[in-house]
Amino acid sequence: MARQRFSLFDEVQMACADMADDLKLTGPAEDYVVAPTFTYRGVGVEYQFLVDGREGTVGCTVEVPTETANLTVGLEALAIAAGVVEKRGGISYSARNQNQFRKSLQGQVDYIRRVHPFLTDPTTAEPLMRRADAREWLLPQSQSEE
């Protein structure tokens, strides 16, 4: 029996298809500069899945732009800050084989569905990101003044 080709892009696209449609996200945009990265974008929010082949993990970060900076935080920390998850350890990052990769993606998609409503409202998005202890990447002066 011939082995089927495993495609990270296809797996991410399949795992996220319904969520992307429901939440009106575009993507995935695919990038391989450092590691395989798949990005979904919505109004005022970006979800980025990063596959680390060396560590055998897949993780999702969330980015919300503000007038002066881009705020970035891991999905689990954001879910805890939003109160939709009680404690750390509820999300899987393991991607050492296809089954683990698929399970981890599905769990992260479920977390995105939980936090997304908080991120679509500008009055709640930035405070939530800051409560989750997001990293702040300042925009260049010229960009923030436009």
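Worth saying up front: this structure is predicted, and the values here are computed from it rather than measured. Sequence order sets the numbering: in each chain, residues are counted from 1 along the sequence as written. Residue-level local features of this predicted model are given only where pLDDT is at least 70; pairs of side-chain atoms are given and counted only at 80 or more, and the full residue set underlies all totals for whole chains, interfaces and linings. Here the side-chain values reflect all heavy atoms present in the structure, with hydrogen atoms and water set aside.

1. Overview of the packing of aromatic side chains
Any two rings among Phe, Tyr and Trp, with Trp reduced to its six-membered ring, count as a pair given centres within 6.5 Å; such a pair is stacked if its planes are under 30 degrees apart, edge-to-face if over 60, and tilted if neither. Applying the stated criterion across every chain, the model contains 2 aromatic pairs. Arranged with centres 6.2 Å apart and planes meeting at 55°, the rings of Phe9 and Phe38 form a pair that is tilted. Of the two residues, Phe9 sits in helix α1 (residues 8–23) while Phe38 sits in strand β2 (residues 37–42), which places them 29 residues apart along the sequence. Given a relative accessible area of 0%, Phe38 falls into the buried group. With a centroid separation of 6.4 Å and 90° between ring planes, the pair formed by Tyr40 and Phe49 is classed as edge-to-face. Residue classification places Tyr40 among the buried residues on the basis of a relative accessible area of 1%. For every residue, the accessible area (1.4 Å probe, protein chains only) is compared with the maximum for its type, and the residue is labelled buried under 20%, exposed over 50%, or partly exposed between those bounds. Judged by relative accessible area, Phe49 falls into the buried class, the value being 0%. Put simply, DSSP marks the helices as runs of H or I at least four residues long and the strands as runs of E at least two long, and each gets a number from the N terminus on.

2. With respect to the pairing of strand β5 (residues 69–74)
Across the 6 residues that make up β5, a large majority, 5, are buried. Here strand β4 (residues 57–65) pairs with β5 via 5 bridges, running antiparallel. Paired with Pro65 across the bridge in β5 is Asn70. Counted along the chain from β4 to the antiparallel partner β5, the turn is 3 residues long. Here a strand pair is declared whenever DSSP counts at least two bridges between the two strands. Bridge analysis of β5 against strand β6 (residues 135–138) gives 4 bridges, and the strand direction is antiparallel.

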